[in-house]
Amino acid sequence: MSAKKTEKKVETKEKGIRQSAWEKYDEKALKACFDLSETYRQFISDCKTERECVDESIRQAEEAGYKNLNKLILNKEKLNAGDKVYISNMGKALALFVIGKKPLVEGLNILCAHIDSPRIDAKQVPLYEDTEIAMLDTHYYGGIKKYQWVTLPLAIHGVVVKEDGTSVNICIGEDEEGPVIGITDLLIHLSADQLQKTASKVVEGEDLNVMLGSMPLKGEEKEAVKANILKILKDKYDIEEEDFLSADLEIVPAGKAKHYGLDSSMIMGYGQDDRVCAYTSLKAILDAPAPDKTACCLLVDKEEIGSVGATGMESRFFENVVAEVMNLRGEYNELDLRRALANSRMLSSDVSAAFDPNYPSVNEKKNTAYFGKGIVFNKYTGSRGKSGSNEATAEYMAAIRKIMKDNNITFQTAELGKVDQGGGGTIAYIAANYNMEVIDSGVAVMNMHAPWEISCKADIYEAYLGYKAFLKDA
């Protein structure tokens, strides 16, 4: 066989493995794809912190008939098949349940994604003045390329809690007519030394200081510019400098997510890792019919820094909530709780690295994710020799394949780059500690962890459809 014929055969086989989702859409499906992507675009435009994601998710859940589980626990109300409940964890994580017909001991079908994203946080004592410029001192959160965060319009989102317990929501930089803030960079004319540094050192973490203002407060002799900023904050939010000690303030890119590409086939926006999976998981459970097995959507915090803390997946929150649900069903005992968790199935939904034609060398083309090829399944993640990975069993992978094919879901499989190129992890291994079946799944993203990430609308839609199919058939 000639080399030319061999090459053609490989191309045909490759196309069979990764069909384009776009090719199967008729006008109705294409409209549904774009409609879902538009509501997603609005979600990530409005929800740039984990608190904002939880608040908006609760709003949508209550609109769909979900009840606050805490109130049911307090009133010792019984849960019945078909009931829909949610529970917030400190306002930064969320669990939603649709009670199934089968006993919980037979397991749950769980969608899990994280709602925190890489960003820059204000320090506890952040405000200072330097050469009559008011500045905000920061500490970055998660894995970022620090040089990507300079010279951008930035915004402050978060909450300040005063000593009396009053909570004040902060949002600066999102008003179309209002001011933004930002981090400066050294001008090219004086950058001879800076340009000799490696990318990791071009901008240091301690240099990610946000410029807030330059106008002094009249009549103030000492740190007058800082005093003017404090006056503005006092007038608008009724907060004092001391209140920053008890604040969660996140510096994020300012502005709305955008349609991307001349064909508007993609979305560019902040925080798509992992809110693209969080939103599609949320939408899937809100739209899911009454299931046989109890369905759950779990949206967690702190994944970007190791899933630690009370609102991360490492906490006992999820386990405790399942116990509460079983108790209101009249099914709780410790052994059955353990069996319920072990009999559960989960899609650990996190984004995958999409193949970027500008940087082909980091991927092995047969085992990477592509735009437009649907929801991605990663049998394993990790780095080097699969270190830090949960690896799904062949049996579970086969079950997932069947669910996707039975429901006409376009899907693909991938690894995170070439062997020894790098890698990364997800929360899958934490859920697998309960001995449940878990596989990584999600949407392919370009510019991952950058201030502005890119996703494909067809993949967003297929993820939503895939998550619904999983809740129904797993």
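The shown structure was predicted, so the numbers you read here are calculated from the model rather than taken from an experiment. (Residues numbered from 1 in each chain as written. Predicted model: local features only at pLDDT ≥ 70, side-chain atom pairs only at ≥ 80, totals over all residues. Heavy atoms only, no water.)

Peer 1: Even after reading the chapter, I still don't get the sheet that holds strand 11 (residues 258-260), so can you show me in this structure?
Peer 2: Taken together, the five strands give an open sheet; going across it, the order is 11-12-22-21-15, and neighbouring strands pair in mixed fashion. Every interior strand has two partners, whereas the edge strands, strand 11 and strand 15 (352-353), have only one. The sheet contacts of helix 2 (residues 27-46) involve strand 11, strand 12 (266-269) and strand 22 (453-456), and relative to strand 12 the element is tilted by about 5°. Lying on the sheet, helix 12 (residues 457-473) is in contact with strand 11, strand 12 and strand 22; it crosses strand 22 at an angle near 65°. (Pairing = 2+ DSSP bridges. Helix = DSSP H or I, 4+ residues; strand = E, 2+ residues; numbered from the N terminus. Contact = heavy atoms within 4.5 Å. Axes fitted to C-alpha atoms, helices over the stretch in contact; angles between N-to-C directions.)

Peer 1: What am I meant to see in the side chain of Ser265 here?
Peer 2: By the element assignment, Ser265 lies in the loop between strand 11 and strand 12. Among residues more than four places away in sequence, those in contact with Ser265 are Trp22, Tyr260, Cys456 and Lys457.

Peer 1: Could you clarify how one ought to interpret the packing of aromatic side chains in this entry?
Peer 2: Each aromatic ring pair is specified by the distance between its two centres and by the angle formed by the two planes. Overall, the coordinates contain nine aromatic pairs when judged by the stated rule. Arranged with centres 6.0 Å apart and planes meeting at 80°, the rings of Trp22 and Tyr25 form a pair that is edge-to-face. You can call Trp22 partly exposed: its relative accessible area is 28%. Taking the relative accessible area as the measure of exposure, Tyr25 reaches 12% and is therefore buried. Measuring from ring centre to ring centre gives 5.1 Å for Phe43 and Tyr279, while their planes differ by 45°; the resulting arrangement is tilted. One end of the pair, Phe43, is in helix 2; the other, Tyr279, is in helix 7 (residues 272-287), and 236 residues separate them in sequence. Put simply, the rings of Trp22, Tyr25, Phe34, Tyr461 and Tyr464 pair up and form one aromatic cluster. (Phe/Tyr/Trp six-rings, centres within 6.5 Å; stacked < 30°, edge-to-face > 60°. Buried < 20%, exposed > 50% of the residue type's maximum accessible area, 1.4 Å probe, protein only.)

Peer 1: Quick question: what am I supposed to make of the pattern of salt bridges here?
Peer 2: Here the idea is simple: oppositely charged side chains can pair when their charged atoms come close. For the coordinates displayed, the defined rule picks out 33 salt bridges. Across the pair Lys379 and Glu391 runs a salt bridge, and its minimum N-O distance is 3.1 Å. Of this pair, Lys379 sits in the loop between strand 16 (375-378) and strand 17 (382-383) while Glu391 sits in the loop between strand 17 and helix 10 (394-406), placing them 12 residues apart in sequence. Several salt bridges share partner residues, and in doing so they unite Glu50, Arg51, Lys92, Arg119, Asp121, Asp248 and Glu250 into one network. (Salt bridge = Lys/Arg side-chain N within 4 Å of Asp/Glu carboxyl O.)

Peer 1: Is there a simple way to explain the nonpolar core in this structure?
Peer 2: Within soluble globular proteins, side chains that are nonpolar generally end up buried alongside one another. Counting residues in each nonpolar core, the largest one holds 71 residues, and the members touching the most others are Leu96, Leu347 and Phe377. In this structure, Leu347 is in contact with Ile110, Leu111, Cys112, Phe377, Tyr396, Ile400, Ile439, Ser441, Tyr467 and Phe470, ignoring residues within four places of it in sequence. (Core = buried A, V, L, I, M, F, W, Y, C linked by side-chain atoms within 4.5 Å.)

Peer 1: Can you help me understand the layout of surface pockets in this one?
Peer 2: Sizing a probe to match a water molecule and rolling it over the atoms shows the empty space that remains. Its volume calculated, the largest pocket comes out at about 1200 Å³. If you trace the largest pocket, you find 41 residues lining it, with Ala353, Leu416, Asn447, Met448 and His449 closest to the centre. Elements that contribute at least two residues to the lining of the largest pocket include exactly strand 15, strand 19 (423-424), strand 20 (437-442) and strand 21 (444-446). Of the residues that constitute the lining of the largest pocket, the class distribution is 15 nonpolar, 19 polar and seven charged. (1 Å grid on protein atoms, 1.4 Å probe; cavity = no way out; pocket = protein on both sides within 12 Å on 5 of 7 lines; lining within 4 Å. Points joined across faces, edges and corners; volume = space filled by probe spheres on them. Nonpolar A, V, L, I, M, F, W, Y, C, P; charged D, E, K, R; others polar.)

Peer 1: So what exactly am I meant to see when it comes to the side chain of Ser37 here?
Peer 2: If you trace the backbone, Ser37 turns up in helix 2. Not counting residues up to four positions away in its chain, the partners in contact with Ser37 are Ile267, Lys457 and Ile460.

Peer 1: Explain the confidence of the model for the chain to me, please; I cannot follow it from the model alone.
Peer 2: Segments scoring low in pLDDT should not have their predicted coordinates read at a detailed level. Per-residue confidence for the chain gives a mean pLDDT of 93; residues scoring 70 or more make up 96%. The low-confidence segment residues 1-16 (pLDDT under 50) makes three contacts with residues lying over four places distant or belonging to another chain. (pLDDT = per-residue confidence, 0-100.)

Peer 1: Would you explain a nonpolar patch on the surface in this entry?
Peer 2: A contiguous nonpolar patch, built from Leu186, Leu187 and Leu190 and spanning about 280 Å² of accessible area, is present on the exposed surface. With respect to the helices, strands and loops of the structure, Leu187 is situated in the loop between strand 8 (167-172) and helix 5 (199-202). Looking at Leu187, the relative accessible area reads 41%, which means it is partly exposed. (Patch = residues over 30% accessible without salt bridge, like charges linked within 9 Å, V, L, I, M, F, W, Y side chains within 5 Å. Areas by Shrake-Rupley, 256 points an atom, 1.4 Å probe, with all protein chains shown as cover.)

Peer 1: For this particular structure, what's the right way to read helix 8 (residues 317-328)?
Peer 2: The periodicity of an α-helix, 3.6 residues per turn, causes residues three or four positions apart to be oriented the same way. The end-to-end C-alpha distance of helix 8, which contains 12 residues, comes to 17 Å, matching closely the 16 Å that a straight helix rising 1.5 Å per residue would cover. Taking burial as the measure, the 12 residues of helix 8 include nine buried ones, the bulk of the element. All buried positions along helix 8 are accounted for by Phe317, Phe318, Glu319, Val321, Val322, Ala323, Val325, Met326 and Leu328. Contacts from the buried residues of helix 8 go to helix 4 (69-75), strand 2 (84-89), strand 3 (93-98), strand 4 (109-114), strand 13 (295-300) and helix 9 (334-342). At the C-terminal side of helix 8, Gly330 shows a positive phi close to 75°. (Expected span 1.5 Å × (residues − 1).)

Peer 1: Quick question: what am I supposed to make of the pairing of strand 22 here?
Peer 2: For a regular strand, the rule is simple: side chains alternate between the two faces of the sheet. Alternating positions in strand 22 separate into two faces, Glu453 and Ser455 on one and Ile454 and Cys456 on the other, with burial throughout. Looking at chain direction, strand 12 and strand 22 are connected through four bridges and run antiparallel. Within strand 22, the residue paired with Gly269 across the bridge is Glu453. Examined bridge by bridge, strand 21 and strand 22 share two bridges and lie antiparallel to one another. When the sheet's bridge partners are listed, Met446 is paired in strand 22 with Ile454.

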